[in-house]
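Coordinates in review
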Amino acid sequence: MPPVVEIAMACADAPSLAAFWTQALGYVDHSPTQGPGRGFAWLMDPNGVGPHLALIEVPEPKTAKNRMHLDLNVAGDGSPDEQWQRIRDEVDRLSAFGASVLAEFDHDHVTMADPEGNEFDVC
């Protein structure tokens, strides 16, 4: 049996960041119900296809660019303009949940940050 991919992300407030990523990815929070301050959150794809996302609270703040980041691929098939429109629509949706745009690479991808500043790309 192949291993299950689990991506671990350091954060300051796991429950708050879990709220963002569950909306962003359509994941569900399978963290133990130990209440606020539990120190971590464990998010899973409800279809069991995507990797798990573990959000782990750490005391130190983020100080530099992520060495590894998530790519949210939403472009799909179609013309370059249709693909770019799907990317722009997703950027708007994620912005409504608290993400911010860091850089835009026209007709390719948009680099964003989650509410704690962790970078990811929408492509």
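This text follows the structure it describes.
Everything in this summary refers to the structure shown in the same document.

About the cut-offs
Residues numbered from 1 in each chain as written. Predicted model: local features only at pLDDT ≥ 70, side-chain atom pairs only at ≥ 80, totals over all residues. Heavy atoms only, no water. Pairing = 2+ DSSP bridges. Helix = DSSP H or I, 4+ residues; strand = E, 2+ residues; numbered from the N terminus. Contact = heavy atoms within 4.5 Å. Axes fitted to C-alpha atoms, helices over the stretch in contact; angles between N-to-C directions. Salt bridge = Lys/Arg side-chain N within 4 Å of Asp/Glu carboxyl O. Buried < 20%, exposed > 50% of the residue type's maximum accessible area, 1.4 Å probe, protein only.

1. Observations regarding the sheet that holds strand 2 (residues 28-29)
Spatial strand order, 1-4-3-2: 4 strands in an open sheet with mixed pairing. The sheet is open, and its two borders are formed by strand 1 (6-11) and strand 2, each paired with just one other strand. Across 6 bridges, strand 1 lies against strand 4 (residues 52-57) in parallel orientation. Along strand 4, the bridge assignment pairs M9 with L55. In the packing of helix 1 (residues 14-25) onto the sheet, the strands contacted are strand 1, strand 2, strand 3 (40-44) and strand 4, and the crossing angle to strand 4 comes to about 160°.

2. Examining the pattern of salt bridges
For the structure on display, the rule yields 3 salt bridges. The closest approach of N and O atoms between E119 and K62, which form a salt bridge, is 3.3 Å. Of this pair, E119 sits in strand 8 (residues 119-122) while K62 sits in the loop between strand 4 and strand 5 (70-72), and the two are 57 residues apart along the sequence. Using a relative accessible area of 15% as the deciding quantity, one classes E119 as buried. For K62, a relative accessible area of 37% translates into the label partly exposed. Its salt-bridge partner being R93, residue E90 comes within 2.8 Å of it at the nearest N-O pair. In this pair, E90 and R93 both sit in helix 2 (residues 80-96), 3 residues apart, roughly one turn of the helix. You can call E90 buried: its relative accessible area is 13%.

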